[in-house]
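Residue strings, one per chain:
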Amino acid sequence: MLVELAVLVRGMYTREPTDIVLATFAVPCLFVSMWAAVEGLNSSGGVYWGGFFGLFSVAVAGLLAFLVVMDAVVGAVVRTRATE
């Protein structure tokens, strides 16, 4: 959940198109993570969803982290090529 919040905050304070797109992708990821956290803490509900939402939350956060890392790699390559 921290990755989603960090990307969302970065997208709000910068005007880079990539940061804005990543922040847009982070909003649904944040909702899924919060939903998984609430479902995990609320054991008194009538329906038990199992570990699917926890697994889905990890997968979504992993995808977002991968996109953030790839953005950093592409940015570093572009900066390196621009200085050559």
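The text that follows walks through the structure, step by step, so that each part is easy to find. Only a predicted model underlies this, so the values are computations on that prediction, with no experimental measurement involved.

1. Section: the nonpolar core
Of all hydrophobic cores here, the largest spans seven residues; its members are Val7, Leu22, Ala26, Cys29, Val60, Leu64 and Val68. When contributions to this core are tallied by element, the ones reaching two or more residues are helix 2 (17-41) and helix 3 (52-83). Contact partners of Cys29, with chain neighbours within four places excluded, come to Glu4, Val60 and Leu64.

2. Here we look at the packing of helix 1 (residues 2-13) against helix 2
Direction vectors running N to C along helix 1 and helix 2 enclose 145 degrees, while the axes themselves pass 8 Å from each other. Considering how the two elements wind past one another, helix 1 and helix 2 form a crossing that is left-handed. Of the residues in helix 2, those touching helix 1 at Glu4, Leu5, Val7, Leu8, Arg10 and Gly11 are Asp19, Ile20, Leu22, Ala23, Ala26, Val27, Cys29, Leu30 and Ser33. Looking at side-chain class alone, the contact of helix 1 with helix 2 contains 10 nonpolar, two polar and three charged residues.

3. A short note on helix 2
Compared with an ideal rise of 1.5 Å per residue, which puts 25 residues at 36 Å, helix 2 spans 36 Å between its outermost C-alpha atoms and is within 8% of the ideal. Residue Val27 marks the point of greatest curvature in helix 2, where the axis turns by about 25 degrees; the proline Pro28 follows within four residues. Of all the positions in helix 2, only Asp19, Leu22, Ala23, Ala26, Cys29, Leu30, Val32, Ser33 and Ala36 are classed as buried.

4. Describing the pattern of salt bridges
With the rule as written, the count across this model stands at two salt bridges. In this structure, the salt-bridge partner of Arg10 is Asp19, at a minimum N-O distance of 3.0 Å. In this structure Asp19 comes out as buried when scored by relative accessible area, which is 9%. Ionic pairing is found between Arg10 and Asp71, a salt bridge with its closest N-O pair at 3.5 Å. Within this pair, whereas Arg10 is found in helix 1, its partner Asp71 is found in helix 3, the two being separated by 61 residues in sequence. Judged by relative accessible area, Asp71 falls into the partly exposed class, the value being 22%.

5. Focus on the environment of Gly62
Inspection of the secondary structure puts Gly62 in helix 3. You can call Gly62 partly exposed: its relative accessible area is 38%. Taking the C-alpha atoms as reference, Gly62 lies 9.9 Å from Cys29; in sequence the two are 33 residues apart.

6. Here's the deal with a nonpolar patch on the surface
The grouping of Phe25, Leu63, Phe66, Leu67, Val69, Met70, Val73 and Val77 at the surface amounts to a nonpolar patch, some 640 Å² of accessible area in total. No other element matches the seven residues that helix 3 contributes to the nonpolar patch. By the secondary structure assignment, Met70 is in helix 3.

Conventions used here
Residues numbered from 1 in each chain as written. Predicted model: local features only at pLDDT ≥ 70, side-chain atom pairs only at ≥ 80, totals over all residues. Heavy atoms only, no water. Core = buried A, V, L, I, M, F, W, Y, C linked by side-chain atoms within 4.5 Å. Buried < 20%, exposed > 50% of the residue type's maximum accessible area, 1.4 Å probe, protein only. Helix = DSSP H or I, 4+ residues; strand = E, 2+ residues; numbered from the N terminus. Contact = heavy atoms within 4.5 Å. Axes fitted to C-alpha atoms, helices over the stretch in contact; angles between N-to-C directions. Left-handed = near helix turned anticlockwise from the far one by under 90°. Nonpolar A, V, L, I, M, F, W, Y, C, P; charged D, E, K, R; others polar. Expected span 1.5 Å × (residues − 1). Bend = angle between axes of the 7 residues up to and from the residue. Salt bridge = Lys/Arg side-chain N within 4 Å of Asp/Glu carboxyl O. Patch = residues over 30% accessible without salt bridge, like charges linked within 9 Å, V, L, I, M, F, W, Y side chains within 5 Å. Areas by Shrake-Rupley, 256 points an atom, 1.4 Å probe, with all protein chains shown as cover.

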